[in-house]
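Given next are the chains, with one letter for each unit.
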Amino acid sequence: MRRIAVITSGGDVPGLNACIRAVTRTALHYGCEVIGIRRGYEGLMNGEFVSLDSRSVAGILRQGGTMLGTARSERFMTEEGRRAALEQLRSAGIEGMVVIGGNGSLAGAYKLYEMGFPLVGVPKTIDNDQYGTDTAIGVDTALNTIADAVGRIKDTATSHHRAFLIEVMGRNCGYLALASGIICGAEMALIPERPATLEQVAHTIVESYRIGKAHCIIMVAEGWKPGLRALKDYLCDTKLNERFDVREVVLGHIQRGGTPTAFDRLLATRMGVRAVESLLDGSGIGKMVALRGAQSVLVDLKEATSQPKPLPEELLRIADMLCR
Ligand code: F6P
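Because the structure is predicted, anything quoted here is derived from the model rather than measured.

1. Observations regarding the packing of helix α5 (residues 139-160) against helix α6 (residues 175-183)
Interhelical geometry of α5 versus α6 gives an angle of 50 degrees and a closest axis separation of 10 Å. In terms of orientation, α5 lies oblique with respect to α6. Crossing of α5 over α6 shows right-handed handedness. Each of V139, A142, L143, I146 and A147 in α5 lies in contact with α6, whose residues at this interface are Y175, L176, A179, S180 and I183. Tallied by class, residues from the contact of α5 with α6 come to 9 nonpolar, 1 polar and no charged.

Structure, rendered in structure tokens:
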């Protein structure tokens, strides 16, 4: 391959720039031209291409966001959209592509691969819901951001003897709530994978104060049902919010920004290098670069995108023992 492209697709995460830089410089090292695709699959279908050289990716290693821009694309999920993408890639003489994306973007990449285009995937998501890999670019930074925020909230919670409901991201996956519950010493983590009743949450709050705690921290995953609002309403109805001075915080997109941690910079760099090398030698075509233990491995995109990732049993067990 003489000309390859790199694209970031879906929600941004810290570490995307580190990966773009690694992809670009590795490809240049092997004598390839590098094309950056702007605004994810939307930009791909419109032919929004930019030539990248070593200087274009200078100074971005520690920057959050993505220098290429990103988007969530409905059109690319259609056959017509993918044909338009293929047409753009072929007319620009692009022979291979590194797709840095989450589950939806990698499922789209697999469909493009099935249509005959050589590509390799790199997993990024703060939710840690990508099957086939222990972790993905962005998870570690998001967890550190949450830990910092919860630490600050705990200071004020303890001073006022308040209870806090803290919502973190995770549409379908409770990893961030579970892991942050453990590392922040929360009293409870509410996650979509484990049902918990409103009465159980109320019991946890009452019990925390009964045994002498000066606060009660409840981590709530965005995807937990019935959700933060219903929980708040219930606590108001039962007047528990007044008895225990309950407040809520939604951390929101703060979790997706900021400079990537050392772990994410290294992971993004390793994955970017592996993606290019395996694209060029052919071993990574139709695959996703994954981390298993300390090793970087290649997993079929079909396998990686066809099933949900279960939460680690070990973390569930630890939370059951320690979050109380
Ligand atoms: O898919 C990752 C994620 O961080 C989810 O946890 C969250 O629900 C979603 O992105 C938010 O997406 P958007 O930025 O498009 O609102």
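2. A look at the packing of aromatic side chains
Taken as a whole and assessed by the stated rule, the structure comprises 3 aromatic pairs. With a centroid separation of 3.6 Å and an interplanar angle of 10 degrees, the aromatic rings of Y41 and F76 are classed as stacked. Remark: F76 occurs in the loop between β3 (49-52) and α3 (79-91) and Y41 occurs in helix α2 (residues 40-46); sequence separation between them is 35 residues. Judged by centre distance (5.0 Å) and plane angle (15 degrees), the ring pair of Y209 and F244 falls under stacked. Of this pair, Y209 sits in helix α7 (residues 198-210) while F244 sits in the loop between α9 (240-243) and β9 (246-250), and the two are 35 residues apart along the sequence. Overall, the relative accessible area of 15% leaves Y209 in the buried class. Classification of F244 as buried rests on a relative accessible area of 10%.

3. Some thoughts on helix α12 (residues 313-322)
For α12, every residue scored as buried is listed here: L315, L316 and A319. The arc that holds the buried residues of α12, viewed along the axis, is 100 degrees, so those residues lie on one side. Opposite the buried face of α12, at more than 90 degrees from it, the exposed residues are E313, E314, R317 and L322. Buried residues along α12 sit against α6.

4. Some points on the sheet that holds β9
An order of β7-β8-β6-β9 is seen for the 4 strands of this open sheet, with the pairing classed as parallel. With partners counted over all chains shown, the strands left at the sheet margins are β7 (188-190) and β9, one partner each. Strand after strand, the sheet turns through a mean of 20 degrees between neighbouring axes, direction not considered. Seen against the sheet, helix α8 (residues 228-237) touches β6 (163-168), β7, β8 (216-221) and β9 and runs at an angle of roughly 170 degrees to β9.

5. Some points on the side chain of T261
Mapped onto the fold, T261 is located in the loop between β9 and α10 (262-280). Residue classification places T261 among the buried residues on the basis of a relative accessible area of 17%. With sequence-adjacent residues up to four places away left out, T261 is seen in contact with D140, T141 and N144.

6. Quick notes on the sheet that holds β3
The mixed open sheet is built from 7 strands, whose spatial order is β3-β2-β1-β4-β5-β10-β11. With partners counted over all chains shown, the strands left at the sheet margins are β3 and β11 (295-300), one partner each. Strand-to-strand twist in this sheet, taken as the mean axis angle between neighbours without regard to direction, amounts to 30 degrees. Of the pairings in the sheet, the one linking strand β1 (residues 3-8) to strand β4 (residues 96-101) comprises 5 bridges and is parallel in character. Residue pairing for β4: I4 is matched across the bridge by G96.

7. Details of the domain arrangement of the protein
Per the domain assignment, the segments of the protein are domain 1 (3-138 + 260-304) and domain 2 (140-256). The straight-line distance from the C-alpha centre of domain 1 to that of domain 2 is 34 Å. Between domain 1 and domain 2, a total of about 1,100 Å² is buried, with carbon and sulfur atoms accounting for 52% of that surface. Of all residues in domain 1, I126, D127 and T261 bury the most surface against domain 2, accounting for 43% of the area lost on that side. The tally of links from domain 1 across to domain 2 stands at 1 salt bridge. One salt bridge in this structure joins R256 and D12, with 2.9 Å as the shortest N-O distance. Counting across the domain 1 and domain 2 interface gives 8 residue pairs in polar contact (both at pLDDT 80 or more). When the residues that make up the side of domain 1 that touches domain 2 are grouped by side-chain class, the tally is 5 nonpolar, 4 polar and 5 charged.

The rules behind each value
Residues numbered from 1 in each chain as written. Predicted model: local features only at pLDDT ≥ 70, side-chain atom pairs only at ≥ 80, totals over all residues. Heavy atoms only, no water. Axes fitted to C-alpha atoms, helices over the stretch in contact; angles between N-to-C directions. Helix = DSSP H or I, 4+ residues; strand = E, 2+ residues; numbered from the N terminus. Parallel < 35°, antiparallel > 145°, perpendicular 65-115°, else oblique. Left-handed = near helix turned anticlockwise from the far one by under 90°. Contact = heavy atoms within 4.5 Å. Nonpolar A, V, L, I, M, F, W, Y, C, P; charged D, E, K, R; others polar. Phe/Tyr/Trp six-rings, centres within 6.5 Å; stacked < 30°, edge-to-face > 60°. Buried < 20%, exposed > 50% of the residue type's maximum accessible area, 1.4 Å probe, protein only. Arc of directions from axis to C-beta. Pairing = 2+ DSSP bridges. Domains from an automatic or database assignment. Buried area = accessible area lost by both parts, 1.4 Å probe. Salt bridge = Lys/Arg side-chain N within 4 Å of Asp/Glu carboxyl O. Polar contact = N/O pair within 3.5 Å; in protein donor to acceptor, adjacent residues only side chain to side chain.

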